[in-house]
Amino acid sequence: MLIAKHAEELILSLVQPLSSLRDVEMVDLPAAMGRILAHAVTSTLDFPHWDNSAMDGYAVRFTDVQACSVEHPTVLEVVEEIPAGYLPQKAIDSGQAARILTGSMMPQGADTVVMQEEVQRDGTQVLVRHVPKPQAFVRHRASFYQAGEILLPAGLRLTAPAIAVLAAAQCIHVWVYRRPRVAILSTGNELVPPDQPLQPGQIVDSNQYALAALVQQAGAEAVCLGVVPDQPEALQDVINQAIATSDLVISSGGVSVGDYDYVDRTLADLGAEVHIRAVAIKPGKPLTVASFSGYKTRFSDPPAPDSSTDLGSEPYRAVLYFGLPGNPVSALVTFWRFVLPALQKLAGQPKEWEPEFILGRSRHALTSDGKRETYLWGQSILVQGEYEFSLSTGSHSSGNLINLAQANSLAVIPVGQTQIAAGDRLQIMLTRMAAT
Ligand code: AMP
Ligand code: MG
């Protein structure tokens, strides 16, 4: 049985990221939030576009004011007012100044801005009593970025500031990776959709909904294939359909050692290479990871960013298959721990795929059998700059979904450790994800 870290490394090594040539689409800026840039964005503009003032004040020539003092102010003639959006009409000569407002263009001849708080205005004249620094409050053209420089790198997940950068650079359409397609299926004769009456022995297929929500939250497209009964032929049909139409497949249930657990067998029958059958974590031990190779990128036919780009022959892609355990908490924990990193690598994110572990303190004593890496769910809150973890009340059975709903994190008890005393430090995995 693999330890969690090794399973994570093996899974990430199996992921073939989307292609920055083929697996891309162009989106308008308002639809770009959370998408991943397929190509670096290069600026065609200088930032700032022209020399401008960082203050409300007066544009002057430094040499005119370098000798001023409280007793002997420099008196300058105000020859023009330059509000925002106005092209200065006059060059500033010696003895002259222009009234200038924040963000306005510097007039020719002036090289320094004196803050309005530092001067005295008197009719058409302005009196300067304090020597400014040379070039004070002038934002020079191209001092932030020059045309031709890379503004945003490939692989960046677009945030509000990045979208502002694109807008400022007048990039109104951007090439992003298409959303990965993730097929989701649930296996089990006992499962029914939530809108059907429950017969004795039946339960609702809640995993499909939870997994679809997580897939969407990760920025991918969920393709829900419903409930498949515990029958090898039915499983074969649906898994075949899933691998032909998606980049990644997630099933839940049917991966244990029970008489009706057909997933592993079906994967082998379909020619998959099974890489992982179990991982030393609790909850979530029976985790199957397999890959199918030799599938053409049939479902995606995007235009090339530049029609002269040679895409070569159509490559074969590998489809990764995650057979998660059916217990609702196990399915979610294994998604957070193993599927999400794989999905982030697949989506084109160049790094930081692994889950974030943070340090905190436990408010309660926590116990484990020490044999598997154990995850206990609860609430982590920041108290004076340090995370404090409170265990969710109620049963910590992997079948009890209810008390997970108000948890935001998992406390981690490493293999070999059987308890964490109240007040002790521990590692915490945050389960909330940034919305995309
Ligand atoms: P399995 O992994 O198939 O042995 O299922 C383990 C437990 O999880 C059983 O109690 C199942 O009824 C339950 N279970 C399996 N699939 C789902 C699902 N999609 N939604 C909710 N519970 C499930
Ligand atoms: Mg089952």
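Residues numbered from 1 in each chain as written. Chains lettered and ligands numbered in written order. Predicted model: local features only at pLDDT ≥ 70, side-chain atom pairs only at ≥ 80, totals over all residues. Heavy atoms only, no water.

Points about the overall build of the protein
Threshold: By the criteria applied, helices consist of DSSP H or I runs no shorter than four residues and strands consist of E runs no shorter than two, each listed in order from the N terminus. The size measure is the radius of gyration over C-alpha atoms, and the globule rule it meets is 2.2 Å times the number of residues to the 0.38 power. A 1.4 Å probe rolled over the protein chains alone gives each residue an accessible area, and that area as a share of the maximum for its type sets the label: buried under 20%, exposed over 50%, partly exposed in between. Any two residues having at least one pair of non-hydrogen atoms within 4.5 Å are treated as being in contact. Each accessible area is a Shrake-Rupley estimate made with a 1.4 Å probe; only the visible protein chains count as cover when residues are assessed. His is not counted here, nor are the chain ends, while Lys and Arg score as positive and Asp and Glu score as negative. A single reference atom marks each charge: NZ on Lys, CZ on Arg, CG on Asp, CD on Glu.
A tally of regular secondary structure across the protein gives seven helices and 28 strands. Computed over the C-alpha atoms, the radius of gyration of the protein is 31 Å, more than 25% above the 22 Å expected from 2.2 N^0.38 for a compact globule of 436 residues. Judged by the C-alpha coordinates and their principal axes, the protein covers about 95 × 60 × 40 Å. Expressed as a percentage of its 436 residues, the buried residues of the protein come to 47%. By sequence separation, contacts in the protein at least 24 residues apart represent 73% of the contacts at least 6 residues apart. Only carbon and sulfur atoms are counted for the fraction: they give 52% of the accessible area of the protein, which is about 20800 Å². Positive and negative side-chain charges in the protein, numbering 31 and 44 respectively, have mean positions lying 4 Å apart.

Things to note about a negative patch on the surface
Quick note on the threshold: Distance thresholds for patches are 9 Å for like charges and 5 Å for nonpolar side chains (Val, Leu, Ile, Met, Phe, Trp, Tyr), applied to residues having over 30% relative accessible area and no salt bridge. The term salt bridge refers to a side-chain nitrogen of Lys or Arg lying within 4 Å of a carboxyl oxygen of Asp or Glu.
Taken together, Glu9, Glu352, Glu354 and Glu356 make up a surface patch of like negative charges. Summarising the element assignment, Glu352 is placed in the loop between helix 7 (328–346) and strand 22 (357–362). For Glu352, a relative accessible area of 60% translates into the label exposed.

Points about the pattern of salt bridges
Within this structure, the stated rule accounts for 10 salt bridges. In this structure, Arg337 and Glu8 form a salt bridge, with 2.6 Å as the shortest nitrogen-oxygen distance. Of the two residues, Arg337 is situated in helix 7 and Glu8 in helix 1 (residues 4–14); the sequence distance between them amounts to 329 residues. According to the relative accessible area criterion, Glu8 is buried, its value standing at 3%. A salt bridge links Asp46 to Arg141; the shortest N-O distance between them is 2.8 Å. On the criterion of sequence distance, the pair formed by Asp46 in the loop between strand 2 (41–42) and strand 3 (52–53) and Arg141 in the loop between strand 10 (138–139) and strand 11 (150–152) is long-range, its members being 95 residues apart. According to the relative accessible area criterion, Asp46 is buried, its value standing at 16%. One network of salt bridges, with partners in common, ties together Lys5, Glu8 and Arg337.

Section: the site of ligand 1
Counted only if it meets this: Any residue with a heavy atom positioned within 4 Å of a molecule or strand is treated as near that molecule or strand. Polar contacts, as counted here, are pairs of nitrogen or oxygen atoms within 3.5 Å of one another; within protein the pair requires one atom able to donate a hydrogen and one able to accept it, and residues that are adjacent in sequence qualify only if both atoms are side-chain atoms. In this count, Pro and Cys sit with the nonpolar residues alongside Ala, Val, Leu, Ile, Met, Phe, Trp and Tyr, while Asp, Glu, Lys and Arg are called charged and the others, Gly among them, polar.
Close contacts around ligand 1 come from 14 residues, with Glu190, Asp205, Gly254, Gly326 and Asn327 the closest. Interatomic distance of 3.3 Å between a backbone N/O atom of Asn207 and a nitrogen atom of ligand 1. Backbone polar atom of Gly326 to an oxygen atom of ligand 1: 2.9 Å apart, as the coordinates give it. For ligand 1, the protein covers 78% of the area, taking 480 Å² as the surface of the free molecule. Residues that form the shell around ligand 1 fall into these classes: four nonpolar, eight polar and two charged.

Side note on the sheet that holds strand 5 (residues 74–82)
The line we're drawing: A pair of strands is considered paired only if DSSP assigns at least 2 bridges between the two. Between the N-to-C directions of two axes lies an angle of 0 to 180 degrees, each axis being a line fitted to C-alpha atoms and, for a helix, fitted only over the stretch in contact.
With mixed pairing, the six strands of this open sheet are ordered in space as 7-4-6-5-9-8. Strands at the two margins of the open sheet, each flanked by one partner only, are strand 7 (112–115) and strand 8 (119–122). Averaged over all pairs of adjacent strands, the angle between their axes in this sheet comes to 35 degrees, without regard to strand direction. Examined bridge by bridge, strand 5 and strand 6 (residues 96–100) share five bridges and lie parallel to one another. Looking at strand 6, one finds that Ile82 is bridged to Ile100.

Regarding helix 3 (residues 160–168)
Put simply, the rule reads: The arc in question is formed by the directions pointing from the helix axis toward the C-beta atoms.
Along helix 3, the residues classified as buried are Ala162, Ile163 and Leu166. All buried residues of helix 3 lie within an arc of 100 degrees about the axis, which places them on one face of the element. What points out from helix 3, more than 90 degrees from its buried face, is the exposed set Ala160 and Pro161. The inward-facing, buried residues of helix 3 abut strand 2, strand 11 and strand 12 (173–177). Directly beyond the C-terminal end of helix 3, a positive phi value near 60 degrees is found at Gln170.

Topic: the side chain of Thr334
Within the element layout of this structure, Thr334 appears in helix 7. With relative accessibility at 0%, the residue Thr334 sits in the buried group. A distance of 2.6 Å separates a polar atom in the side chain of Thr334 from the backbone oxygen of Ser330. If we skip the residues at most four places from it in the chain, Thr334 touches Ile281, Gly284, Leu287, Leu324, Pro325 and Val339.

Quick look at the environment of Ser330
Here Ser330 is to be found in helix 7. Judged by its relative accessible area of 4%, Ser330 falls in the buried class. Spatially, the C-alpha atom of Ser330 lies 9.5 Å from that of Ser397, the residues being 67 residues apart in sequence.

Focus: unusual backbone geometry
Pro48 follows Phe47 through a cis peptide bond whose omega is -15 degrees. Between Lys282 and Pro283 the backbone carries a cis peptide bond, its omega angle lying at 0 degrees. Position of Pro283 relative to the elements: it lies in the loop between strand 19 (281–282) and strand 20 (288–296). Even without being glycine, Phe137 reaches a positive phi, approximately 55 degrees. Structurally, Phe137 can be placed in the loop between strand 9 (125–128) and strand 10. Phi is positive for Ala142, close to 65 degrees, though the residue is something other than glycine. Within the secondary structure, Ala142 sits in the loop between strand 10 and strand 11. Ala142 gets classed as buried once you look at its relative accessible area, which sits at 18%.

Side note on the domain arrangement of the protein
Using the following cut-off: Here the bounds of each domain stem from an automatic or database domain assignment.
By the assigned domains, the protein splits into domain 1 (4–23 + 179–346), domain 2 (41–47 + 143–175), domain 3 (52–139) and domain 4 (357–430). Averaged C-alpha coordinates put domain 2 and domain 3 at centres separated by 33 Å.

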